[in-house]
Amino acid sequence: QKEVEQDPGPLSVPEGAIVSLNCTYSNSAFQYFMWYRQYSRKGPELLMYTYSSGNKEDGRFTAQVDKSSKYISLFIRDSQPSDSATYLCAMTQETSGSRLTFGEGTQLTVNP
Amino acid sequence: GAVVSQHPSWVICKSGTSVKIECRSLDFQATTMFWYRQFPKQSLMLMATSNEGSKATYEQGVEKDKFLINHASLTLSTLTVTSAHPEDSSFYICSANPGQPVNEKLFFGSGTQLSVL
């Protein structure tokens, strides 16, 4: 069983839709949770960063962490075609060094 | 956010040759950098952790003699794929941690697509 599970999709939505992306994990020691966006043949770009449980909002993006359920989510409101990319969840238990464990990534397409 | 520069973006080489990929942190010092490998439609697989001034730490299954890592300064790490073969063709990405105030945030380079003929 993988430490981090993420539905690879592909996920296709119309422009303006609310997108929900999720990951589950098995290692209860994970404390830091991140979402990265990766365009084709580019390096991942950090979107959201959350420590422990709770919500965090940044513009159209909201990240949620539920450590009791070992479940994290990323919501994208008013999705745009430019949001079309692969979204990777990542997490780590370390306070330094940042040895991340990544999900498989969900491929999202937002259709105009 | 912090900037990590990676070069080259694309490289095509003949089988048996060596290829060097550079990763630079442009506006911060990074005592630790990470090298990942990514196959099409798959996630990032950590290959090794590069430590400034000391030997790299390789993940299980990664050949240290094939993937040479040098972290000679606080802003530069290099990955050399020695005697490259077609199965080494992949997307290689480096990342670095800017440290304070939050150690956990990683910033990634733009990646290097290696094609070995």
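Residues numbered from 1 in each chain as written. Chains lettered and ligands numbered in written order. Predicted model: local features only at pLDDT ≥ 70, side-chain atom pairs only at ≥ 80, totals over all residues. Heavy atoms only, no water.

Caption draft 1: Representation of the overall build of chain A within the structure. Of regular secondary structure, chain A possesses 0 helices and 11 strands. Each helix (α) and strand (β) of chain A, taken in turn from the N terminus, gives the series β-β-β-β-β-β-β-β-β-β-β. Relative to a compact globule of 112 residues, whose C-alpha radius of gyration would be 13 Å, chain A shows 13 Å and is just as compact. Considered along the principal axes of its C-alpha atoms, chain A spans approximately 40 × 30 × 25 Å. Expressed as a percentage of the 112 residues in chain A, the buried residues total 44%. In chain A, the share of contacts with a sequence separation of at least 24, taken over all contacts with a separation of at least 6, comes to 55%. With an accessible surface of roughly 5,200 Å², chain A has 45% of that area assigned to carbon and sulfur atoms. Of the side chains in chain A, 10 bear a positive and 12 a negative charge, and the two mean positions are spaced by 5 Å. (Helix = DSSP H or I, 4+ residues; strand = E, 2+ residues; numbered from the N terminus. Rg over C-alpha atoms; globule rule 2.2 N^0.38 Å. Buried < 20%, exposed > 50% of the residue type's maximum accessible area, 1.4 Å probe, protein only. Contact = heavy atoms within 4.5 Å. Areas by Shrake-Rupley, 256 points an atom, 1.4 Å probe, with all protein chains shown as cover. Lys, Arg positive; Asp, Glu negative; His and termini not counted. Charge placed at Lys NZ, Arg CZ, Asp CG, Glu CD.)

Caption draft 2: The pattern of salt bridges, seen in detail. In the structure shown here, the tally under the stated rule is 6 salt bridges over all chains. Note that arginine 37 of chain A and glutamate 45 of chain A form a salt bridge whose closest N and O atoms lie 3.0 Å from each other. You can call arginine 37 of chain A buried: its relative accessible area is 12%. Relative accessible area serves as the criterion here: at 35%, glutamate 45 of chain A is assigned to the partly exposed category. Of the charged contacts in the structure, one is a salt bridge between lysine 66 of chain B and aspartate 88 of chain B, with a shortest N-O distance of 2.9 Å. Taken together, the positions of lysine 66 of chain B in the loop between strand S6 (57-58) and strand S7 (67-73) and aspartate 88 of chain B in the loop between strand S8 (76-81) and strand S9 (90-96) put the pair 22 residues apart, joining distant regions of the chain. Each member of the pair, lysine 66 of chain B as well as aspartate 88 of chain B, carries the same accessibility label: buried. (Salt bridge = Lys/Arg side-chain N within 4 Å of Asp/Glu carboxyl O.)

Caption draft 3: Looking closely at the layout of surface pockets. Computed from the structure, the largest pocket encloses a volume of approximately 660 Å³. Of all elements in the fold, only strand S9 (85-92) and strand S10 (101-102) of chain A together with strand S5 (45-51) of chain B reach the threshold of two or more residues within the lining of the largest pocket. In terms of residue count, the dominant contributor to the lining of the largest pocket is S5 of chain B (3 residues). In this structure, the second largest pocket occupies an estimated 400 Å³ of space. Together, 19 residues line the second largest pocket, and Thr86 and Gln107 of chain A together with Pro40, Lys41 and Gln42 of chain B are the ones closest to its centre. Counting residues per element, the ones that place at least two in the lining of the second largest pocket are S9 and strand S11 (106-111) of chain A. (1 Å grid on protein atoms, 1.4 Å probe; cavity = no way out; pocket = protein on both sides within 12 Å on 5 of 7 lines; lining within 4 Å. Points joined across faces, edges and corners; volume = space filled by probe spheres on them.)

Caption draft 4: View of the state of the cysteines. All names here are of chain A. Scanning all chains against the criterion turns up 2 disulfides over all chains. Here cysteine 23 is linked by a disulfide to cysteine 89, with a sulfur-sulfur distance of 2.0 Å. In this structure, the disulfide formed by cysteine 23 and cysteine 89 twists by about -105° around the S-S bond and is classed as left-handed. Of this pair, cysteine 23 sits in strand S3 (residues 19-25) while cysteine 89 sits in strand S9, and the two are 66 residues apart along the sequence. (Disulfide = S-S within 2.5 Å.)

Caption draft 5: Spatial organisation of the interface of chain B and chain A. If you look at the interface, chain B gives 25 residues, while chain A gives 23 residues. Taking both partners together, chain B and chain A bury about 1,900 Å²; carbon and sulfur atoms supply 54% of that area. If you look at where chain B meets chain A, you find 0 salt bridges. At the boundary of chain B and chain A, one finds 4 residue pairs in polar contact (both at pLDDT 80 or more). Sorting the residues of the side of chain B that touches chain A by element identifies strand S4 (32-38), S9 and strand S10 (107-108) of chain B as the ones contributing at least two each. (Buried area = accessible area lost by both parts, 1.4 Å probe. Polar contact = N/O pair within 3.5 Å; in protein donor to acceptor, adjacent residues only side chain to side chain.)

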